[in-house]
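Coordinate analysis (summary)
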Amino acid sequence: MSRNAKINTLLLLLVAALAVLPLALGLGEGKEEPFTGADAQAEAAITELKPDYEPWFSPLYEPPSGEIESALFALQAALGAGVLAYYFGVRKGRRQGAAAAAATGAAAPDASVQS
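My aim in this report is to walk through the structure given alongside it, one point at a time. Quantities reported herein were computed from a predicted structural model and do not represent experimental measurements.

Regarding its fold elements, the chain presents three helices and zero strands. Along the chain, helices (α) and strands (β) appear in the sequence α-α-α when read from the amino end. For the chain, the proportion of its 115 residues judged to be buried stands at 2%. Of the roughly 10,800 Å² of accessible surface on the chain, a fraction of 64% belongs to carbon and sulfur atoms.

Right under this line is the structure:
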């Protein structure tokens, strides 16, 4: 097994452990919603500290359930990851193309050279 394969396997096991350990250790048991996001926790803290607080803005769209809200968030994250992956792929492709062109001597002619 190559060094990269070992590192990738170790990283995959680490990610799996991060996903499974909170569930296996029972973190969040006894709570109504054990794994709520930071927004919900902040809203609960604000309501506890200042019960008459009114938000400045209201959401443009309020999903009918938490599952739909989670799905929309996952879709947003996937689209963002896709855009970033495309950008970095294009950059790497351009860099490799320029390196290949320079290696074969087929680089673009210099504009300062006159005929």
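On the surface, Asp39, Glu43, Glu62 and Glu69 cluster together to form a negatively charged patch. By the element assignment, Glu69 lies in helix 3 (residues 66-104). We classify Glu69 as partly exposed; its relative accessible area is 47%.

Empty space among the atoms becomes apparent when a probe as large as a water molecule is rolled across them. Taken as a whole, the second largest pocket encloses approximately 250 Å³ of empty space. What lines the second largest pocket is Asp39, Ala42, Glu43, Ile46, Thr47, Lys50, Pro51, Tyr53 and Pro55. For the lining of the second largest pocket, a count of residues per class yields five nonpolar, one polar and three charged.

Further remarks concern a nonpolar patch on the surface. Residues Leu60, Tyr61, Ile68, Leu72, Leu75 and Leu79 make up a contiguous nonpolar surface patch of roughly 680 Å² in combined accessible area. With respect to the element layout, Ile68 can be found in helix 3. We classify Ile68 as partly exposed; its relative accessible area is 35%.

The next point concerns the environment of Met1. Structurally, Met1 is set in the segment before helix 1 (3-24). Look at Met1 and you get exposed, because its relative accessible area is 74%. Setting aside chain neighbours within four positions, we find Met1 in contact with Lys6 and Thr9.

Attention now moves to the packing of aromatic side chains. Going through the model one piece at a time under the given rule, you end up with one aromatic pair. Summarising the aromatic geometry, the rings of Tyr87 and Phe88 are spaced 5.3 Å apart at their centres and angled 65 degrees between planes, so their arrangement reads as edge-to-face. On the basis of relative accessibility, which here comes to 48%, the residue Phe88 falls in the partly exposed class.

Calculation notes
- Residues numbered from 1 in each chain as written.
- Predicted model: local features only at pLDDT ≥ 70, side-chain atom pairs only at ≥ 80, totals over all residues.
- Heavy atoms only, no water.
- Helix = DSSP H or I, 4+ residues; strand = E, 2+ residues; numbered from the N terminus.
- Buried < 20%, exposed > 50% of the residue type's maximum accessible area, 1.4 Å probe, protein only.
- Areas by Shrake-Rupley, 256 points an atom, 1.4 Å probe, with all protein chains shown as cover.
- Patch = residues over 30% accessible without salt bridge, like charges linked within 9 Å, V, L, I, M, F, W, Y side chains within 5 Å.
- Salt bridge = Lys/Arg side-chain N within 4 Å of Asp/Glu carboxyl O.
- Lys, Arg positive; Asp, Glu negative; His and termini not counted.
- Charge placed at Lys NZ, Arg CZ, Asp CG, Glu CD.
- 1 Å grid on protein atoms, 1.4 Å probe; cavity = no way out; pocket = protein on both sides within 12 Å on 5 of 7 lines; lining within 4 Å.
- Points joined across faces, edges and corners; volume = space filled by probe spheres on them.
- Nonpolar A, V, L, I, M, F, W, Y, C, P; charged D, E, K, R; others polar.
- Contact = heavy atoms within 4.5 Å.
- Phe/Tyr/Trp six-rings, centres within 6.5 Å; stacked < 30°, edge-to-face > 60°.

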